[in-house]
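Chain by chain, the residues:
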Amino acid sequence: MTKKLLVLPGDGIGPEVMRETLRVVEWFQKNRGLSFEITHGLVGGASIDVHGVPLTQATIQAALDADAVLFGAVGGPQYDVQPFDNRPEIGILGLRSGLKLFANLRPATVLDALVDASPLKPELVRGLDIMIVREATGGIYFGEPRGIETLPDGQQRGYNTEVYTTNEIERVTRVACDIARKRGNRLCSVEKANVMDSGLLWRQVVTALVAREYPDIRLSHMYADNCAMQLAKNPHQFDVIVTSNLFGDLLSDLAAMLTGSLGMLPSATLGAVDARGKRHALYEPIHGSAPDIAGKDLANPMAQMLSFAMLLRYSFGLADDAQLIENAVAGVLAQGLATADLSLPGAKRISTTECGNAILAQLELLAK
Ligand code: IPM
Ligand code: MG
């Protein structure tokens, strides 16, 4: 059956890494019998340039109509002059809230070929496989009240609100638990229950939910600051981590760096399954728009390709096809080919386009 795909390359290196990824999509259509109806759209700065806003109602509608959204990256220094509520980042934040994509899945896995690219000692990261489930439509990113106000004495005061309801905590925890069951069955819930009321509620709700619905899961709790330390000290202790929007943003960057390159990691952001069994979902690399290297054919397209692999796995249940892409990525690295972001000793440096070529060659080889 033909699946509707909305492609939003965005800004910076987004269009380059998306271009190479679309070659992979094309390969799957030709060689694996998959069929996609692809619509292209603008988001972030690219949308500001044309429409004056980072996300149009039409793009939100196209995303709602699609079976899955493949997203690149947004932002760039030329948009620093934009008013705060019209900055490129609103593109991704608006899609998360507009499609109610509350569960952001951020894997941090270390491929054998990249063990030496990690800034940590090899023995700390070899075989690493962590899944961070970050809440993505609540917390301090969206909480009210928020704003900047002028006080009677002329000072200004900026404020945001960290807020979570029982339902918000439960639904993201369920996603994390379902994933944990398919992995090591361990879940670490991360908050600051020692100082924050919302953190205390988070801990209570997670504890009750897991006891009630997932008694088989081994649940632990950790304060977010300690979690940051533990991720750097002994990352292997983690299987699945579930945490708030803000802590997940920070901890997923840290976890990503453990793997040697932000340029390698994909993510999925999922909504609830509706009555017809459909679930809105958006897939994007964790890396940003990297304006400093944009347009130079230097960027690593692997995270975007691996995001497409996650799309196949989570939106369409095509685990074998997803695995094929993951194997192709591993295969290219094992050949000693790497883009500039990977500090792989002895590797031959390849461009974005050459990386696309190498991935397609690997796919051909693997599919034989
Ligand atoms: C991320 C990014 C975004 C976030 C920005 C671009 C709004 O850092 O996806 O981690 O903070 O969520
Ligand atoms: Mg981030």
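Residues numbered from 1 in each chain as written. Chains lettered and ligands numbered in written order. Predicted model: local features only at pLDDT ≥ 70, side-chain atom pairs only at ≥ 80, totals over all residues. Heavy atoms only, no water.

Re the site of ligand 1
The following threshold applies: For this description, a residue counts as near a given molecule or strand if any of its non-hydrogen atoms is within 4 Å of it. In protein, a polar contact requires one atom able to donate a hydrogen and another able to accept it; more generally it is a pair of N or O atoms within 3.5 Å, and residues adjacent in sequence count only if both atoms are side-chain atoms. Method for areas: the Shrake-Rupley scheme with a 1.4 Å probe, in which residue coverage is limited to the protein chains shown.
In the neighbourhood of ligand 1, the contacting residues comprise Glu89, Arg96, Arg106, Arg134, Tyr141 and Asp249. In this structure, Arg96 approaches ligand 1 through a side-chain N or O atom, which is 2.8 Å from an oxygen atom. Separating an oxygen atom of ligand 1 from a side-chain N or O atom of Arg106 is a distance of 2.7 Å. Its free accessible area being 320 Å², ligand 1 has 74% of it covered by the protein chains.

A look at the pattern of salt bridges
Rule in force here: A side-chain nitrogen of Lys or Arg and a carboxyl oxygen of Asp or Glu constitute a salt bridge if their distance falls within 4 Å. To qualify as a helix, a DSSP run of H or I must reach at least 4 residues; to qualify as a strand, a run of E must reach at least 2; elements of each kind are numbered from the N terminus. Each residue gets one of three labels from its accessible area relative to the maximum for its type: buried under 20%, exposed over 50%, partly exposed in between, using a 1.4 Å probe on protein chains only.
With the rule as written, the count across this model stands at 19 salt bridges. Across the salt bridge formed by Arg134 and Asp249, the nearest N and O atoms sit 3.7 Å from each other. In this pair, Arg134 sits in strand β5 (residues 129-135) while Asp249 sits in helix α9 (residues 245-258), placing the two residues 115 residues apart along the sequence. Classification of Arg134 as buried rests on a relative accessible area of 2%. A relative accessible area of 24% places Asp249 in the partly exposed class.

With respect to the packing of aromatic side chains
For any two aromatic rings, the description comes down to two numbers: the centre-to-centre distance and the angle of the planes. Heads up, the condition is: Pairing of aromatic side chains here covers Phe, Tyr and the six-membered ring of Trp, requires ring centres within 6.5 Å, and sorts the geometry by plane angle: under 30 degrees stacked, over 60 edge-to-face, intermediate tilted. Think of it as a cone above the ring: NZ of Lys or CZ of Arg counts as a charge over the ring if it is within 6 Å of the ring centre and within 35 degrees of the ring normal.
For the coordinates displayed, the defined rule picks out five aromatic pairs. Look at Phe36 and Phe308: their rings are 5.9 Å apart centre to centre, the planes differ by 70 degrees, and that puts the pair in the edge-to-face class. Of the two residues, Phe36 is situated in strand β2 (residues 36-40) and Phe308 in helix α10 (residues 302-316); the sequence distance between them amounts to 272 residues. Take Phe36 and Phe308: they sit in the same class, and that class is buried. Taking 6.2 Å as the distance between ring centres and 40 degrees as the angle between the ring planes, the aromatic pair formed by Phe36 and Phe316 counts as tilted. Here the residue Phe36 occupies a position in strand β2, and Phe316 occupies one in helix α10, the gap between them amounting to 280 residues. The pair formed by Phe36 and Phe316 is uniform in burial state, with each residue classed as buried. Joined through ring pairs, the aromatic side chains of Trp27, Phe28, Phe36, Phe308 and Phe316 make up one cluster. When the ring centre of Tyr159 is taken as origin, the NZ or CZ atom of Arg157, which lies over that ring, is 5.0 Å away.

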